[in-house]
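# Summary of the model geometry
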Amino acid sequence: MTNQFDLTDDQRAIQEMAQKFTADEITPHAAEWDEKHIFPRETIQKAAELGFGSIYVSEESGGIGLGRLEAALIMEAMAYGCPSTSAFISIHNMASWMIDCFGSEAVKQKYLPDLVPMAQIASYCLTEPGAGSDAASLKTKAVKDGDHYVVSGTKQFISGGGANEIMVTMTRTSDDGARGVTCLVVEKDMEGVSFGANEKKLGWHSQPTAQVNFDGVRVPAENRVGDEGEGFRIAMSGLDGGRLNIGACSLGGAQRCLDETVSYTKERNQFGKAIADFQNTQFTLADMATDLEAARALLYLAAAKVTEGAPDKTRFAAMAKRLATDNGSSIVDRALQLHGGYGYLQDYPIERFWRDLRVHSILEGTNQIMRMIVGRDLLRQ
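Residues numbered from 1 in each chain as written. Predicted model: local features only at pLDDT ≥ 70, side-chain atom pairs only at ≥ 80, totals over all residues. Heavy atoms only, no water.

### Considerations on the nonpolar core
Proteins that are soluble and globular tend to have nonpolar side chains buried together. Counting residues in hydrophobic clusters, the biggest one holds 88 residues, and the most contacted among them are I99, Y124, M170 and L299. It is helix α7 (residues 231-267) that contributes the most residues to this core, 11 residues altogether. In terms of nonpolar packing, the next biggest core, distinct from the first, is built from 15 residues, A142, M190, V212 and F214 among them. (Core = buried A, V, L, I, M, F, W, Y, C linked by side-chain atoms within 4.5 Å. Buried < 20%, exposed > 50% of the residue type's maximum accessible area, 1.4 Å probe, protein only. Helix = DSSP H or I, 4+ residues; strand = E, 2+ residues; numbered from the N terminus.)

### Some details on the packing of helix α9 (residues 313-339) against helix α10 (residues 350-358)
One way to put it is that α9 packs onto α10 with a least axis distance of 9 Å and a crossing angle of 155 degrees. By the criterion of interaxial angle, the relationship of α9 to α10 is roughly antiparallel. Where α9 crosses over α10, the handedness of that crossing is left-handed. Together, G328, S329, V332, D333, A335, L336 and H339 of α9 and I350, E351, F353, W354, L357 and R358 of α10 make up the contact between the two elements. By residue class, the composition of the contact of α9 with α10 is 7 nonpolar, 3 polar and 3 charged. (Axes fitted to C-alpha atoms, helices over the stretch in contact; angles between N-to-C directions. Parallel < 35°, antiparallel > 145°, perpendicular 65-115°, else oblique. Left-handed = near helix turned anticlockwise from the far one by under 90°. Contact = heavy atoms within 4.5 Å. Nonpolar A, V, L, I, M, F, W, Y, C, P; charged D, E, K, R; others polar.)

### With respect to the pairing of strand β7 (residues 209-220)
On a regular strand, one side chain projects to one face of the sheet and the next to the other, so that they alternate. Of the pairings in the sheet, the one linking strand β3 (residues 148-159) to β7 comprises 9 bridges and is antiparallel in character. The residue bridging I158 from the neighbouring strand is A210, located in β7. In the sheet, strand β6 (residues 193-195) pairs with β7 via 3 bridges, with the strands oriented antiparallel. Note on β7: the bridge partner recorded for V193 is F214. (Pairing = 2+ DSSP bridges.)

### So, unusual backbone geometry
Phi angles above zero are rare outside glycine, and F157 is one such case at about 60 degrees. Residue position: F157 is located in strand β3. By relative accessible area, which is 56% here, F157 ends up exposed. Phi at E364 takes a positive value of approximately 60 degrees, unusual for a residue other than glycine. By secondary structure assignment, the location of E364 is in the loop between α10 and α11 (367-380). The exposure class of E364 is buried, given its relative accessible area of 13%.

### Considering the pattern of salt bridges
Under the counting rule described, the total for this entry stands at 22 salt bridges. For K108, the salt bridge identified is with E105, shortest N-O distance 3.1 Å. Residue K108 and its partner E105 are both found in helix α6 (residues 105-115); the two are separated by 3 residues, about one turn of the helix. With a shortest N-O distance of 2.9 Å, K155 and E128 are connected by a salt bridge. Placement of K155 in strand β3 and of E128 in the loop between β1 (122-125) and β2 (141-145) is noted, with a sequence separation of 27 residues between them. The residues K155 and E128 share a single accessibility class, namely buried. (Salt bridge = Lys/Arg side-chain N within 4 Å of Asp/Glu carboxyl O.)

### Topic: the state of the cysteines
Taken as a whole and assessed by the stated rule, the structure comprises 0 disulfides. The thiol of C125 is unpaired, and the distance to the nearest cysteine sulfur, on C183, comes to 9.8 Å. Residue classification places C125 among the buried residues on the basis of a relative accessible area of 0%. (Disulfide = S-S within 2.5 Å.)

### Details of the side chain of T265
Looking at where T265 falls in the secondary structure, it is placed in helix α7. We classify T265 as buried; its relative accessible area is 1%. Those residues in contact with T265, other than ones at most four positions away along the chain, are A274, I275, A276, T281, L285 and L338.

### Topic: helix α4 (residues 68-79)
In a regular helix each residue adds 1.5 Å, so 12 residues correspond to 16 Å; α4 covers 16 Å between its end C-alpha atoms and thus fits that length. Among the 12 residues that make up α4, 12 are buried, leaving the element largely enclosed by the rest of the structure. Along α4, the positions that sit buried rather than exposed are R68, L69, E70, A71, A72, L73, I74, M75, E76, A77, M78 and A79. On the buried face of α4, the contacting elements are α1 (9-26), α5 (83-102), α7, α8 (279-308) and α10. (Expected span 1.5 Å × (residues − 1).)

### Focus on the packing of aromatic side chains
For the structure shown, the criterion picks out 7 aromatic pairs. Ring centres of F39 and F88 lie 5.0 Å apart, and the angle between their planes is 70 degrees; this geometry places the pair in the edge-to-face category. Highlighted residues: F39 in the loop between α2 (30-36) and α3 (41-49) and F88 in helix α5, separated in sequence by 49 residues. Positioned above the aromatic ring of W97 is the side chain of R68, whose terminal nitrogen or guanidinium carbon lies 4.7 Å from the ring centre. Over the ring of F316 we find K305, and its NZ or CZ is 4.6 Å from the ring centre. (Phe/Tyr/Trp six-rings, centres within 6.5 Å; stacked < 30°, edge-to-face > 60°. Lys NZ or Arg CZ within 6 Å of the ring centre and 35° of its normal.)

That's the geometry; what it means functionally is another story.
And the structure:
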């Protein structure tokens, strides 16, 4: 940013490119993807042609090497058309970045050439049936056996499960709590990998979500990302960016619903005039716009801090994620209310955004966990 209040010319160009791609390739099809549960792999690969599959993968590894603010601008723009698809691309970016940032040259050369163009899709496997917010309690084991790890366990709620080729997986290599977690890259076609049924979800219908099972999967030791015991630190580092991106997806969805509602209230007439002319409608729209801009300003600031590696980056990422996702859902809910009964119909996009944004306050760390992160950081000072 040129100063704390504006984007640079390059950032605006990136934003406009992402907005044009969304208008051409995502928005016209998003309702059908949602209704028919279509995973738009071809569209996702078109996004990768613009570099959106490797936004903060380094240029040396074939990515476009941008910062977290630029990533947020891209995610926000794509979520204007489809939050579900934008969020899926965000998860792939997070997994690819982990390999690029913490992996050896061997593992980078092995996987990034196919991940950058999204010829292969990566998922992030941390959550388990019994390890959600308490991620450090994960039980998926990786036992060293010669030049392999033997991996056994189950991961839950995995975006892309069954459609992905690569899984960046957090495993337990010792009983030393968070210090006993190690990150491994597991391939879909390795013997012993299987997937549960596609979950029947409230929203996010354009991406599959499934349980991933590892039954004695032999993973080459060269597929380790970072050293043994560094997996939890790697996972938490990835989540700073993931939280920004999911917050940005809420901003994009909320902006779309605000725009739709402004147009609708100008056209809808009751009691002899447009409902936009009623003071109550204007006050509601004003609050929606204010809540959106406040969340956007905090998220952009947090993105700059994460890019710079500021000491308080994790606290700001948590604050921004909490505010953007809470405000985003609230804005969409008010948009639905101002649409009245029509907002409840699938003929209008509002109900889709209402469903898609609801999960944003749960994933990448629940908003209750975000408050814990912020509170604990404040008390350390």
